[in-house]
Amino acid sequence: MSHSTVPRSRTEAKRKTPREETPVASGDATGSPGNGPSGKPVLKVRFRRDRVLLLMTLPAVVLVLLFNYVPILGNVVAFQDYDPYISDNGVVSILNSPFVGMENFQRIFADSAFWNAVQNTLILFFLQLVLFFPIPVLLALLINSVVRPRIRAVSQAILYLPHFFSWVLVIAVFQQLFGGAGIFSQLLRQHGYDGLDFMTDPNTFPLLITAQSVWKDAGWGIIVFLAALASVPPDLYEAAAMDGANRRRRMWHVTLPALRPVIALLLVLRVGDALTVGFEQILLQRDMVGPGAAEVLDTFVWWNGVRNQDFGYAAAAGLVKGVVSLGLVLAANKVAHLMGEQGVYKK
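Here goes a summary of the coordinates provided. In this text, all values refer to a predicted model and were calculated from it rather than measured experimentally.

## A short note on helix H15 (residues 279–289)
Buried within H15 we find Gln281, Ile282, Gln285, Arg286 and Val289. Taken down its axis, H15 places every buried residue within 150° of arc, on the same side. Just past H15, the residue Gly290 takes up positive phi, approximately 90°.

## Quick look at a nonpolar patch on the surface
On the surface, Val61, Val64, Leu65, Tyr69 and Ile72 cluster together to form a nonpolar patch covering roughly 460 Å² of accessible area. In this fold, Val64 is placed in helix H4 (residues 51–69). In this structure Val64 comes out as partly exposed when scored by relative accessible area, which is 37%.

## Side note on the layout of surface pockets
Space inside the largest pocket adds up to approximately 540 Å³. At the level of secondary structure, the elements contributing two or more residues to the lining of the largest pocket comprise helix H7 (112–132), helix H12 (205–230) and helix H14 (247–272). Residue contributions to the lining of the largest pocket peak at six residues, all from H12. Residue composition of the lining of the largest pocket, grouped by class: 10 nonpolar, seven polar and three charged. What lines the second largest pocket is a set of 14 residues, among which Leu141, Asn144, Ser145, Val146 and Tyr237 lie closest to the centre. Mapped by element, the contributors of at least two residues to the lining of the second largest pocket are helix H8 (134–144), helix H9 (149–160), H12 and H14.

## Quick word on the packing of H8 against H12
Where H8 contacts H12, the two axes come as close as 8 Å, and the packing angle between them is 55°. Taken together, the axis directions place H8 and H12 in an arrangement best described as oblique. Note that H8 runs across H12; the crossing there is right-handed. For the pair formed by H8 and H12, the contact residues are Ile135, Pro136, Val137, Leu139, Ala140, Leu141, Ile143 and Asn144 on the first element and Val214, Ala218, Gly221, Ile222, Phe225, Leu226 and Leu229 on the second. When grouped by side-chain class, the residues that make up the contact of H8 with H12 number 13 nonpolar, two polar and no charged.

## Considerations on the side chain of Ser97
Within the secondary structure layout, Ser97 lies in the loop between helix H5 (90–96) and helix H6 (103–109). Within the structure, the side chain of Ser97 is placed 3.3 Å from the backbone nitrogen of Asp83, a separation counted as a polar contact.

## A closer look at unusual backbone geometry
Even without being a glycine, Gln309 presents a positive backbone phi close to 60°. By relative accessible area, Gln309 is classed as partly exposed at 35%.

## Examining helix H18 (residues 311–338)
In an α-helix, one turn spans 3.6 residues; hence positions three or four apart end up facing the same way. Helix length check: H18 (28 residues) gives 41 Å between terminal C-alpha atoms against 40 Å at 1.5 Å per residue, within 8%. Every buried residue of H18 is accounted for by Gly312, Tyr313, Ala314, Ala316, Ala317, Val320, Lys321, Ser325, Ala332, Asn333, Ala336 and His337. Among the structural elements, H6, H7, H14 and helix H17 (297–307) are those in contact with the buried residues of H18.

## Thoughts on the nonpolar core
Leu124, Phe205, Val277 and Ile282 are the most contacted members of the largest nonpolar core, which totals 15 residues. For this core, the secondary-structure elements that each account for two or more residues are H7, H12, H14, H15, helix H16 (291–294) and H18. When residues no more than four places from it in sequence are discounted, the contact partners of Leu124 are Pro206, Ile209, Val277, Ile282 and Val296.

## A short note on the pattern of salt bridges
Under the defined criterion, the tally for this structure stands at five salt bridges. Among the ionic pairs, Arg49 bridges to Asp50, the shortest N-O distance being 3.2 Å. Assessed through its relative accessible area of 54%, Arg49 is described here as exposed.

## Things to note about the packing of aromatic side chains
Scanning all chains against the criterion turns up 17 aromatic pairs. Ring centres 6.1 Å apart and planes at 75° place the aromatic pair Phe174 and Trp215 in the edge-to-face group. One end of the pair, Phe174, is in helix H10 (residues 167–178); the other, Trp215, is in helix H12, and 41 residues separate them in sequence. You can call Trp215 partly exposed: its relative accessible area is 34%. Feature note: the residues Phe165, Phe174, Phe178, Phe184, Phe198 and Trp215 constitute an aromatic cluster, connected by ring pairs. Looking at Lys216, its charged tip hangs above the ring of Trp167, at a distance of 5.1 Å from the centre. Seen from the ring of Trp303, Arg307 lies directly overhead, with NZ or CZ sitting 4.5 Å from the centre.

## Quick word on the side chain of Ser185
As for its placement among the helices and strands, Ser185 is situated in helix H11 (residues 183–190). Ignoring sequence-local partners within four residues, the contact set of Ser185 consists of Gly179, Gly180, Gly195, Leu196 and Asp197.

## Observations concerning the environment of Asp197
For Asp197, the position within the fold is in the loop between H11 and H12. Of the residues examined, Asp197 reaches a relative accessible area of 29% and is grouped as partly exposed. Once the C-alpha coordinates of Asp197 and Phe184 are considered, the two residues, 13 residues apart in sequence, prove to be 9.1 Å apart. Among the polar contacts made by the side chain of Asp197, one reaches the main-chain amide nitrogen of Met199 at a distance of 3.3 Å. Separated by 2.7 Å, the side chains of Asp197 and Thr200 make a polar contact.

The rules behind each value
Residues numbered from 1 in each chain as written. Predicted model: local features only at pLDDT ≥ 70, side-chain atom pairs only at ≥ 80, totals over all residues. Heavy atoms only, no water. Buried < 20%, exposed > 50% of the residue type's maximum accessible area, 1.4 Å probe, protein only. Helix = DSSP H or I, 4+ residues; strand = E, 2+ residues; numbered from the N terminus. Arc of directions from axis to C-beta. Patch = residues over 30% accessible without salt bridge, like charges linked within 9 Å, V, L, I, M, F, W, Y side chains within 5 Å. Areas by Shrake-Rupley, 256 points an atom, 1.4 Å probe, with all protein chains shown as cover. Salt bridge = Lys/Arg side-chain N within 4 Å of Asp/Glu carboxyl O. 1 Å grid on protein atoms, 1.4 Å probe; cavity = no way out; pocket = protein on both sides within 12 Å on 5 of 7 lines; lining within 4 Å. Points joined across faces, edges and corners; volume = space filled by probe spheres on them. Nonpolar A, V, L, I, M, F, W, Y, C, P; charged D, E, K, R; others polar. Axes fitted to C-alpha atoms, helices over the stretch in contact; angles between N-to-C directions. Parallel < 35°, antiparallel > 145°, perpendicular 65-115°, else oblique. Left-handed = near helix turned anticlockwise from the far one by under 90°. Contact = heavy atoms within 4.5 Å. Polar contact = N/O pair within 3.5 Å; in protein donor to acceptor, adjacent residues only side chain to side chain. Expected span 1.5 Å × (residues − 1). Core = buried A, V, L, I, M, F, W, Y, C linked by side-chain atoms within 4.5 Å. Phe/Tyr/Trp six-rings, centres within 6.5 Å; stacked < 30°, edge-to-face > 60°. Lys NZ or Arg CZ within 6 Å of the ring centre and 35° of its normal.

Function cannot be read off these values alone, since they describe shape.
The following block contains the structure:
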């Protein structure tokens, strides 16, 4: 016996399911509770969701505020004839020191020693930018081309090891090699030539500083570029090889484009750090070649502020350096944006 189809009444036909009767949350265009009109979670919901991560980062934020941003308030010393011996409390000393306005800055721009420090700083920066910055990229490409993993790991460890040496040890090693009584000088004298002393020669001092920086910190830069190379999909190399690209072509069209964002970011940071060329490294060798060749902005600030007790003058020099460094960061980041890279921050 076949079942006959019985039509439902109009009331049953218009009856809605429980899902259809559920009202949509008010104030939400997407239908998800807790979201704003744009579909993104509101601040209260995001705070509740990420509260554990925020608590984990809170100590780091407090330390950064305490040691990086609070000391910025001390730049007021650059506009004072600051005397730290007025009181045992530094804040009281700042409040009671006489205000001199732009007098310290006028002294700086009229001081030939300051401009000599600026010149030495720029020379060291350009040398390190031209000679030091490309070396980690080239070494990373060389290590990445090694097929055997064991050889690659040993090479990376050997190059990275000097990064853990102190500058005292690095300078001692160079003194034993290139000093007046070093190994190379002794070998030259044994063969009838005059000895060489690069450690006390003002003319070769910029090259010496650059060589020390390369030997000590090139291994650190290799790690950054090797991490960027590890993110390159192997399919790109295989596709390029199938298209007939040799090793040089694969490096030019696959490897270097993958490294370009990292290179742009590090270059922006390096330009922003242009006026800081190694305080401890240069201070340890300042007396060997004299302030005429070894005085940079950091040692200039230290010598006038700590040694000569002219704190307002030194603070003014440090403030000028900070403002110029900020301008260099913004300019370099703008160039990175024009090249199509993100830089330090997005547009």
